[in-house]
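Each chain, letter by letter, is given below.
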Amino acid sequence: MRRPVLTERMRGFGTTVFAEMSALAVRTGAINLGQGFPDTDGPASLLEDAVAAIRAGANQYPPGPGVPELRRAVAAHQQRFYGLDVDPDDVLVTAGATEAVAAALLALCERGDEVVVLEPYYDAYAAGIALAGAERRTVPLRFPGFALDLDALRAAVTPRTRVLVVNSPHNPTGTVLTRAELEAVAALARERDLLVLTDEVYEHLVFSGSEHVPLATLPGMAERTLTVSSAGKTFSVTGWKVGWVHGPRELVAAVRTVKQFLTYVGAAPFQPAVARALGRPDEDYAREAADLEQRRDLLVAGLRAAGFATSVPQGTYFVVADAAPLGFEDGYELCRRLPELAGVVAVPLAPFHDDPALGRSLVRFCFCKRREVLEDAATRLARLGG
């Protein structure tokens, strides 16, 4: 008998739920509040800088670690916003944050090592762990508050644990881990001598009353933490795929060893444009977050009026809603029927859980869309309540 084409470790991964639901939106003409991408472009100056770089000839391979201007800009950004002392030589530019995470897992994990992630999790984490031949252990964040269960975290760490993956602001829940929660994570990492991989791509999309605290700023963590971020979410250019990772020199060197055999390099004309954008005034960052917060409130109000129970996200693009009050115990079923019922597309939360029961009736909507689109979606969703 012919053996399966796909390796065993990847057989649990088919087409992503994002691709499935976006295709459903295209097929039905529904409003796509599933996949997390804005429907407007980033700052005009950023776009013009990229065009200028193309016209100036920045169209061939950039340096392997990234354009020096961008690496310096990332280091300056970390000092400016968080007081982190980062050497530009310890910054590695990647093809988005997803490549940074995958390359880090491939670089740091041996077969049989364990990686602890918060559940629900961005699906690329699970795939990256599988590619590395490692094993996934999860710590559940529970609707509606999604607070970190520190006892569950401690129980998830075993002598085989190599890496903690910490995503805050958190996709898909929109929660922002508190300083106290992060200090507990840091204490456990120091006690168990763990490496920490932090995904901070939503770092500037944090709302009133919450604060983004990079784990590397806490005592004893800079020397054991790889910090990942990107331009895609901050500047609404998700298609550019410009990310970066920084941390201790030996850890970054390990990631670079893997990364060079994945994409090698990328985004040559976009890198200098992103470098300039990182230097934008504080008020520009604050204005974007405040505008997004207003759009969050608009969608949350619409979902509640339609009969959903919802969380109130403290950051990111996303709000999680419980469909059970509307009589839908299966969020996947609702998402497949939602275009017909309301002309809207969302994504179910179950695929982001090891235990699908934890997210069975939950769905995720994104609010990084124009106000008029969100108002239209809220009007359509009201049909469910009727």
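Here is what the cut-offs are and how they apply
Residues numbered from 1 in each chain as written. Predicted model: local features only at pLDDT ≥ 70, side-chain atom pairs only at ≥ 80, totals over all residues. Heavy atoms only, no water. Phe/Tyr/Trp six-rings, centres within 6.5 Å; stacked < 30°, edge-to-face > 60°. Buried < 20%, exposed > 50% of the residue type's maximum accessible area, 1.4 Å probe, protein only. Helix = DSSP H or I, 4+ residues; strand = E, 2+ residues; numbered from the N terminus. Lys NZ or Arg CZ within 6 Å of the ring centre and 35° of its normal. Pairing = 2+ DSSP bridges. Expected span 1.5 Å × (residues − 1). Contact = heavy atoms within 4.5 Å. Polar contact = N/O pair within 3.5 Å; in protein donor to acceptor, adjacent residues only side chain to side chain.

**Some points on the packing of aromatic side chains**
Counted under the stated rule, the structure contains 13 aromatic pairs. Judged by centre distance (6.2 Å) and plane angle (45°), the rings of Phe81 and Tyr82 are tilted. Since its relative accessible area comes to 27%, Phe81 is described here as partly exposed. Their ring planes at 75° and their centres at 5.6 Å tell us that Tyr202 and Tyr317 sit as a pair that is edge-to-face. Within this pair, whereas Tyr202 is found in the loop between β6 (195-199) and β7 (225-230), its partner Tyr317 is found in the loop between β9 (309-310) and β10 (318-322), the two being separated by 115 residues in sequence. Residue class for Tyr202 comes out buried when judged on its relative accessible area of 3%. Members of the aromatic cluster, each reached through a chain of ring pairs, are Phe81, Tyr82, Phe235 and Tyr285. Directly above the aromatic system of Phe318 lies the positively charged group of Arg364, at a separation of 3.6 Å from the ring centroid. Of note, Lys369 hangs over the ring of Phe37, and the distance from its end group to the ring centre comes to 3.9 Å.

**With respect to the sheet that holds strand β13 (residues 362-366)**
Here four strands make up an open sheet; going across it, the order is β9-β10-β13-β12 and the pairing antiparallel. A strand with exactly one partner marks an edge of an open sheet, and here the two such strands are β9 and β12 (347-348). Relative to β13, β12 is paired through two bridges, and the arrangement is antiparallel. Counterpart to Pro348 in the pairing with β13 is Val363.

**Some details on helix α3 (residues 68-82)**
Between its first and last C-alpha, α3 extends 21 Å over 15 residues, near the 21 Å set by a 1.5 Å rise per residue. Buried within α3 are the following residues: Leu70, Arg71, Ala73, Val74, Ala75, His77, Gln78 and Tyr82. Elements that come into contact with the buried residues of α3 comprise β2 (91-95), β7, β8 (242-246), α9 (270-277) and α10 (282-306).

**Details of the side chain of Asn171**
Along the chain, the position of Asn171 falls in the loop between β5 (161-167) and α7 (179-192). On the basis of relative accessible area, Asn171 is assigned to the buried category, the value being 8%. Separated by 2.8 Å, the side chains of Asn171 and Arg364 make a polar contact. Other than its neighbours up to four places away in sequence, Asn171 contacts Pro120, Tyr121, Tyr122, Tyr202, Phe318 and Arg364.

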